[in-house]
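Chain and residue survey
Each chain, written out:
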Amino acid sequence: MSANPDHEKNTMKILFLVPMHIPFGAFTNPDDNQRVSQKQDGRFYNLPPTDLPLGVLSMSAFLKKWEKVEVQLIDFNIEAVACQSFDYDSFFAFAQNRLSQLDFKPDLIGVSCLFSPAFQNFMETGLAARQVFENTVIIGGGNIPTSAWQEIYLPTPEKSPFDALCYGEGELPMLELVRSGNPFEYFKTAKSWITPEKACNGFVPQHTFIENLDEIPFFDYDLCDIDQHNANLVVTSFATSKKERSFHVMTSRGCPFKCTFCASHAVHGRDMRYHSLERIRADFMMLKEKYGATMLIFQDDHFMSDRNRVFTILNTLKELDLHSTYQSGLALYALDRPMLEAFHAAGVRQLVLAVESGSQRVLKHLMKKPLKLEISQRVANDCRELGIYTNTNILIGIPGETKEDIEDTRKNLRTINSNWFHINCTSPLVGSEIHAVAKKHGYIQGNTLGADYKVAAIETPDFSVAHIREMQYLLNLELNFVYNNDMRLGEYQTALKGFENVITIRKDHAFAWFYAGECHKQLGDTEQAAACRRRYDQYATTSFWKQYVSKFALPFPE
Ligand code: B12
Ligand code: SF4
């Protein structure tokens, strides 16, 4: 590949759009247990995650390396969090209004969508862009176009706002497109581009992977306003309370495992590809020195695949005095004591444990993730000894799981000494094996390609949606409150932090007030204990909490 020497060629203007990651209704009508913010219009809105869109930053850097392009980005998650009032009755209206004010005339518009819950917003972003920029080439890419191109095109191919959809990673297909001179001719034969016509004619798209990740230059972080992107990072909800300047990084792509609930391989494939250690070091230095990074958020799917490489990266972080956190769960089998000590030495004080289930049958046969319970127990204990806070991720409600399996999970998870458990509902994410299975058997409730992990959407002969919702909440109450490990082990200060986190999100959480009060009591602060108890008394008799108060025999207020 060589850089284009044709300096006379016009600069191509590219506009990337990132739709809001959460559905419009979830934004305007947040559930009780979600983080919200009040706008000047007096109403409360959900806060969509504002994490950096690495795929766009990668493609932008890559295109700028090889061609004359000018790139802009509108991330509607940022826009939705930042706007003072919100007077729109649809996501389409919001996007259309923003686009019509844009002082940039793009030659190419690329809409990026990674998440099933954002499917509708993806479509409406495309429609809004088409209305505002009638004759511009509009394309889509990311997990959703890759896995749901048939759902996007086949119902009404002629009405789609998208001229083409990219299958898989976009760096090379985008470069070919920019260089093509005639997008529509190029789309006709390109193996990674799907058009409405090709979709209707049995086309089978193929990936175009970059084998050597170092060919992608330092990501184009300049497309983003980092302060705005730091406003509602998913990671801050469970990591340090210290104000960090955080940047997302991804040092590898791919994952060889075949977890049935995962859709990642649809875009990045199953073969591991890596940035070189020299390149990683150079990027980290740049982020620290030029961008003022204090925290790196790792997005690798399988960070632990090469043990020596991990030790080197952790050493680099330590040497550069950069904090780090790992958003996806790290493969537990690789977290032996020396490895955990290396994480600790690099300043890591919190890890996500991808335990996924407490049932061996579910892990092995239904999730295809044969993780042993003893490994999860050992890692949680080691982390506790080292002073690393652990958040354990659990999924319930996978097709084939029985009520007995869920009871097994319920029982076994109490033997894992993690600090906090996140009990999630399995979602039929488009691109995952589960989606295919659930669709085939008619297990998916409603017209969804997969939901947020908080929403149960799968119903099988073994369980109903209502049962999964109920068990999700019950397991949450049991593991995080009633049998809270930190309290049981006398770590009252740590336990208190967990309960206070809950209270910041949900002020009327009777259990959080009750157990926070118990912690204060144990810590000798009788005044705070009494204040928490009063708040508990205030909420314990509401219709929602009454049932759980009596189920767990908590004291009934007089
Ligand atoms: C980081 C991340 C997040 C971040 C988002 C960061 C961001 N702003 O993009 C956060 C933490 C917010 C997040 C949230 C969620 N996530 Co997430 N996340 C990831 C993760 C681990 C990495 C994404 C990434 O940065 N990749 C690196 C870049 C380089 O690749 P990329 O983004 O895919 O972009 C490439 C291609 O997709 C393509 N491309 C992308 N956009 C475009 C646009 C155009 C025009 C073109 C041509 C090409 C193109 O080219 C890019 C470069 O190669 C992926 C797994 C994965 N490895 O992809 C899961 C993943 C995307 N997440 C997933 C899920 C399910 C979720 C949640 C729904 C989970 C939840 N909490 O309930 C939420 C959704 C938001 C919500 N409702 O809260 C699923 C999505 C599957 C699906 N069908 O929905 C994935 C695939 C993980 C999985 N195990 O299946 N996530
Ligand atoms: S869930 Fe994680 S380990 Fe499992 S296949 Fe997906 S990326 Fe790999």
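Figured I'd write up the structure that's included with this text. The model shown is predicted, which means the values in this text are computed figures rather than measured ones. (Residues numbered from 1 in each chain as written. Chains lettered and ligands numbered in written order. Predicted model: local features only at pLDDT ≥ 70, side-chain atom pairs only at ≥ 80, totals over all residues. Heavy atoms only, no water.)

**Considering the overall build of the protein chain**
Looking only at helices and strands, the protein chain features 24 helices and 16 strands. Taken against the 2.2 N^0.38 rule, which gives 24 Å for 558 residues, the C-alpha radius of gyration of the protein chain at 24 Å falls within 12% of a compact globule. Along the first, second and third principal axes, the C-alpha atoms of the protein chain reach 80 × 50 × 50 Å. Residue burial in the protein chain is summarised as follows: out of 558 residues, 56% are buried. For the protein chain, the exposed area adds up to about 24,000 Å²; of that, 49% sits on carbon and sulfur atoms. The positive charge centre, built from 57 side chains, and the negative charge centre, built from 67, are 3 Å apart in the protein chain. (Helix = DSSP H or I, 4+ residues; strand = E, 2+ residues; numbered from the N terminus. Rg over C-alpha atoms; globule rule 2.2 N^0.38 Å. Buried < 20%, exposed > 50% of the residue type's maximum accessible area, 1.4 Å probe, protein only. Areas by Shrake-Rupley, 256 points an atom, 1.4 Å probe, with all protein chains shown as cover. Lys, Arg positive; Asp, Glu negative; His and termini not counted. Charge placed at Lys NZ, Arg CZ, Asp CG, Glu CD.)

**Some remarks on the pairing of strand β5 (residues 108–112)**
Most of β5 is tucked away: five of the five residues are buried. With burial as the criterion, each face of β5 is covered, one bearing L108, G110 and S112 and the other bearing I109 and V111. Looking at chain direction, strand β1 (residues 12–18) and β5 are connected through four bridges and run parallel. When the bridges of β5 are listed, F16 appears paired with G110. As paired elements, β5 and strand β6 (residues 137–141) share five bridges and run parallel to each other. Across the sheet, S112 pairs through a bridge with G141, a residue of β6. At this point the chain moves from β5, through helix α5 (residues 119–132), to the parallel β6, and the crossover so formed is right-handed. (Pairing = 2+ DSSP bridges. Right-handed = clockwise from strand over helix to strand, strands pointing away.)

**Details of the sheet that holds β5**
Read from one edge to the other, the open sheet built from six strands follows the order β4-β1-β5-β6-β7-β8, with strand pairing classed as mixed. Every other strand in the sheet has two partners, leaving β4 (69–75) and β8 (193–194) as the edge strands with one partner each. Along the sheet face, α5 touches β1, β5, β6 and β7 (164–166) and points at about 170° away from the line of β6. (Contact = heavy atoms within 4.5 Å. Axes fitted to C-alpha atoms, helices over the stretch in contact; angles between N-to-C directions.)

**Description of empty space enclosed by the protein**
Counted by the stated rule, this structure contains one cavity of 30 Å³ or more. One number sums up the size of the largest cavity: a volume of about 110 Å³. Together, F218, F219, Y221, V249, M250, T251, H275, R279, I280, D283, F284 and L287 line the largest cavity. Across the lining of the largest cavity, the residue classes tally to eight nonpolar, two polar and two charged. (1 Å grid on protein atoms, 1.4 Å probe; cavity = no way out; pocket = protein on both sides within 12 Å on 5 of 7 lines; lining within 4 Å. Points joined across faces, edges and corners; volume = space filled by probe spheres on them. Nonpolar A, V, L, I, M, F, W, Y, C, P; charged D, E, K, R; others polar.)

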